[in-house]
Amino acid sequence: MSRKKTAPWLQSFHAVMPLCFSYIPVGLACGVLLQKVGFDPLLTGLLSILVFSGGAQFLVASMLATHASFATTILMVFFLELRYTLLGSSLSVFMKKESRPFLAVFSQSLNDENYAVNYLKYSTDPTWNKQKAMYVNWFSMAAWAGSNVIGNVFGSVIRVDADLVHFALTAMFIFMFIMQMKNGLLILTGIFSGVLGVAFMVLFQNTFGLIVATVIASFAGLLLEKAFQKEKEKKLRHRAEQVNEPLFNFPDQEAQNHE
């Protein structure tokens, strides 16, 4: 069957199927961990749909396991999910003519992985449209939420050490940090954030110290990035001025006499 005659939902399913399969083991593990901190299948399903972020849900499980306050947990999730503003703005170039209700629904089901699928399809497939992009989001959300709920159901019969919650979250964020090690500034900011996090946790005796450390380190990294960018632009302008300088510099009078 040709691509033109294939139903839009089937095209989307073919594009997102590998992603859906990859969600199953991680989603099951997340559901088990959420069950260990008191979530039932209904709450797990709601969290999976409303938050739809593996990192955020593992974070919620870890924060609840350490008896963190509700406000601290919300703030940590907020700062963790700020990256979606960048992902959304990146996709916005393909959705300039879409209505606000559609964008609201689409944004609710956006995450890192289905963003990558949709961005690739928009960039390479001229027939890709908002309907197919929405199907990609919904298929991936269904796979993730379903895996979470199943993991939560079987979590009551699967014995998991509570320390696994902390280990899983720590391992995940170490992996995310390593994947971001693209330049010295990011590495320096990450190390600075870790040192501040330990210091503020000792100072405040509360997980609120992690929020303070995250904000300070992010702001410091932003200032350094701007400073380095200005210095780079200054060097480029200086180099351009040197290239554009005349081969011979005549004083004004000699230039006039020469004329």
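For the protein chain, an unreviewed UniProt entry supplies the name AzlC family ABC transporter permease and the organism Candidatus Enterococcus courvalinii. Turning to the protein chain, the UniProt record has this under Subcellular location (unreviewed entry): "Cell membrane". On record in UniProt, under Sequence similarities (unreviewed entry), the comment for the protein chain is "Belongs to the AzlC family."

Peer 1: Is there a simple way to explain the overall build of the protein chain in this structure?
Peer 2: A count of helical and extended segments in the protein chain gives 12 helices and zero strands. The order of helices and strands in the protein chain, counted from the N terminus, is α-α-α-α-α-α-α-α-α-α-α-α. When the 259 residues of the protein chain are sorted by exposure, 32% land in the buried category. Looking at the protein chain alone, contacts between residues at least 24 apart form 75% of all its contacts between residues at least 6 apart. For the protein chain, the computed accessible surface area is about 16,700 Å², with 67% contributed by carbon and sulfur atoms.

Peer 1: Got a minute to help me understand the side chain of E81 in this structure?
Peer 2: Positionally, E81 belongs in the loop between α4 (70–80) and α5 (83–91). On the basis of relative accessibility, which here comes to 13%, the residue E81 falls in the buried class. Dropping the residues within four chain positions of it, E81 is found in contact with S53 and A56.

Peer 1: Help me understand the environment of L43 in this model?
Peer 2: Among the secondary structure elements, L43 is positioned in helix α2 (residues 41–50). Residue L43 is classed as partly exposed on the basis of its relative accessible area of 43%. For L43 and V149, which are 106 residues apart along the polypeptide, the C-alpha to C-alpha distance reads 8.9 Å.

Peer 1: So what exactly am I meant to see when it comes to helix α10 (residues 184–204) here?
Peer 2: Three or four residues apart is the spacing at which side chains of an α-helix point the same way, because the helix has 3.6 residues per turn. Taking 1.5 Å as the rise per residue, α10 with 21 residues should run 30 Å; its terminal C-alpha atoms sit 30 Å apart, in good agreement. Where α10 is concerned, the buried positions are L185, T189, L196, G197 and F200. What you see down the axis of α10 is that its buried residues fit within an arc of 115 degrees, all on one side. The exposed residues of α10 that point more than 90 degrees off its buried face are G184, V195, V198 and V202.

Peer 1: How should I be thinking about the pattern of salt bridges in this particular structure?
Peer 2: Opposite charge on two side chains allows them to pair when their charged atoms are near. The tally for this structure, following the rule as stated, stands at two salt bridges. Linking K130 and E98 is a salt bridge whose minimum nitrogen-to-oxygen distance equals 3.4 Å. Here the residue K130 occupies a position in helix α8 (residues 130–155), and E98 occupies one in the loop between α5 and α6 (100–108), the gap between them amounting to 32 residues. On the accessibility criterion, K130 (37% relative accessible area) is partly exposed. Residue K121 pairs with D125 through a salt bridge whose shortest N-O separation is 4.0 Å. The exposure classification of K121 matches that of D125, with both residues buried.

Conventions adopted
Residues numbered from 1 in each chain as written. Predicted model: local features only at pLDDT ≥ 70, side-chain atom pairs only at ≥ 80, totals over all residues. Heavy atoms only, no water. UniProt positions renumbered as here; feature names shortened; annotations may be inferred. Helix = DSSP H or I, 4+ residues; strand = E, 2+ residues; numbered from the N terminus. Buried < 20%, exposed > 50% of the residue type's maximum accessible area, 1.4 Å probe, protein only. Contact = heavy atoms within 4.5 Å. Areas by Shrake-Rupley, 256 points an atom, 1.4 Å probe, with all protein chains shown as cover. Expected span 1.5 Å × (residues − 1). Arc of directions from axis to C-beta. Salt bridge = Lys/Arg side-chain N within 4 Å of Asp/Glu carboxyl O.

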